[in-house]
Amino acid sequence: MAETRDLVLEALVASAGAPVSGEAIAHDLGVSRAAVAKHVASLKESGFEITAQHGTGYSIDLATVLAPPAVSRFLADPASLHLLGGGDTGSTMDDARALVERGAPDGTVVLASRQTSGRGRLGRSWESPKGGVYFSLIARPTIPVAEAVSLPLAACLGIAEGLDSLGAHASVKWPNDLELEGGKLAGILMEMSAEADCVAWVIIGVGINVLRPDEPIERAAYLESSVPGLPLSQVAAVAVDGIRSAIAEAGSAGFASMRGRYERRFVALGHEVVLTNPDGTLVAEGIARGIDEVGRLVVARDDGELIVSSGDLSLRAHPTRRADRDSGPLAVS
Ligand code: ATP
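Worth saying up front: this structure is predicted, and the values here are computed from it rather than measured.

Trainee: Requested: an account of the pairing of strand S14 (residues 297-301), with residues and values cited.
Mentor: Most of S14 sits out of view: four of its five residues are buried. By the bridge criterion, four bridges tie strand S13 (residues 282-291) to S14 in an arrangement that is antiparallel. Bridging across to S14, Ala288 finds its partner in Val299. Where S14 lies against strand S15 (residues 304-308), five bridges are found, and the strand directions are antiparallel. Within the sheet, the bridge partner assigned to Val298 lies in S15 and is Ile307. Between S14 and S15, which pair antiparallel one after the other, the connecting turn spans two residues.

Rendered as C-alpha cells:
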C-alpha cells in the first residue's frame, strides 16, 4: 500500500500545477491537515519544489517535477514499472544498487531531479543540476553475459528513438553518449552482475540535459534548445520506455537487429577517429567503419580492420576518405 507521503505527492501532481489546499488533501486522504503539512515539508526536504501560498494551498510545477506519478502518466505501460525517488539524491546508481541487492524486481526505476555525486563511466562525474532527467533502471534480462555488453548501446538507441517521438533527433556517439547539434545531450552507464554465464541484473543509469542551467556545462547540449517546453517527466518516460523496448529487443533478437539503426545515427561513421585509454594512451586510429553484432567498434586502418571493445572516441577535426580495405579483423579491448 502506498505511503501517505506518496499519496500527498500524487494529489499535488493530480492537480496539474493548480494550487490545492492542505484541507482538501487531508480530507481526500483521511488524515489531519498537520499530517499533510508534515509530508509536504518532508517532500520539500527531499528536493521537490512545492510552493505554499497562503489562502490557496500547495502547488508543484509540472514542467520541472520528476515525481513518479508525473512520469507514470506518460509511460506506455506504467503497471510494469516501479518508480521511486524523484527529488534530490547522491547518485541514482548507488540507490539502485542498494535496491537490487535487496532483490528489487525488473522494472524498478530510481528517479532524481538533481544528483550531488552523479557518475559517468570509469568514475568520471556526471554533472546533474536541476533541469535534467536522471534515473537508474534495474533490469533482469535473460541474456548471456557476452551479449549484455551491447546493452548500453541498445539503451542509447532506445532513448534516441524515444526522443524522436518528441521531435528531437539525437545522434549516438559510441559507446554510450547521445549527441544533439554537436553537443553532449545524454550519457548512459551500465553496471551488471552475472551468475555463471547469465546476467543476474543490470542497472542502466541515464543523465539527460533538458533545461539549460544558468551556467551551462561545457560542450553539453540541452533538449529545450531543439524542442522547447517539454516536461521533464515526459522526457523521462520516453527514455524509460525506449530503454525497456531496446532491452526486450536485445533479448529476443540480439543487438544484431539494432546494429543498422545504431550505425545510421552514429556521428563518427566513415570519419577518421582516435581511440584512447582512460590514461590518454592510444588504442587505435583509423576510419570508423561500423559496429559489429555485439556492439564493438570496427576501425579500418592501413593494415586491416581492428575490432575495439572499449575506449574514448574522438573525431579528428577534418572529415576524410572512407576506407575500403578488407583484411582480417584484429581484436582490441
Ligand atoms: P566523453 O564522451 O567526454 O569521452 P565518457 O563517455 O567517457 O566521456 P561519460 O561517462 O559519458 O564519459 O561522461 C562523463 C564526462 O561527460 C565527464 O567527464 C564530463 O566531461 C562530461 N559531462 C559531465 N556531466 C555532463 C553533462 N551533464 N552534460 C554533458 N557532459 C557532461
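Now that the structure has been shown, the text picks up again.
Trainee: Give a description of the confidence of the model for the protein chain that names residues and reports values.
Mentor: A low pLDDT score tells you not to read the predicted coordinates there in detail. Model confidence for the protein chain is summarised by a mean pLDDT of 92, while 95% of its residues fall at 70 or above. Residue range residues 319-333 is modelled with pLDDT below 50. Its contacts to residues more than four positions away, or to other chains, number 39 contacts.

Trainee: A description of the pattern of salt bridges should follow, citing residues and the corresponding values.
Mentor: Close approach of charged atoms allows side chains of opposite charge to pair. All chains considered together, the criterion is met by 21 salt bridges. The salt bridge partner of Arg219 is Glu218, with a shortest N-O separation of 3.3 Å. Here the residues in one salt-bridge network are Asp94, Arg97, Glu101, Arg119 and Glu191, joined through shared partners.

Rules behind the numbers
Residues numbered from 1 in each chain as written. Predicted model: local features only at pLDDT ≥ 70, side-chain atom pairs only at ≥ 80, totals over all residues. Heavy atoms only, no water. Buried < 20%, exposed > 50% of the residue type's maximum accessible area, 1.4 Å probe, protein only. Helix = DSSP H or I, 4+ residues; strand = E, 2+ residues; numbered from the N terminus. Pairing = 2+ DSSP bridges. pLDDT = per-residue confidence, 0-100. Contact = heavy atoms within 4.5 Å. Salt bridge = Lys/Arg side-chain N within 4 Å of Asp/Glu carboxyl O.

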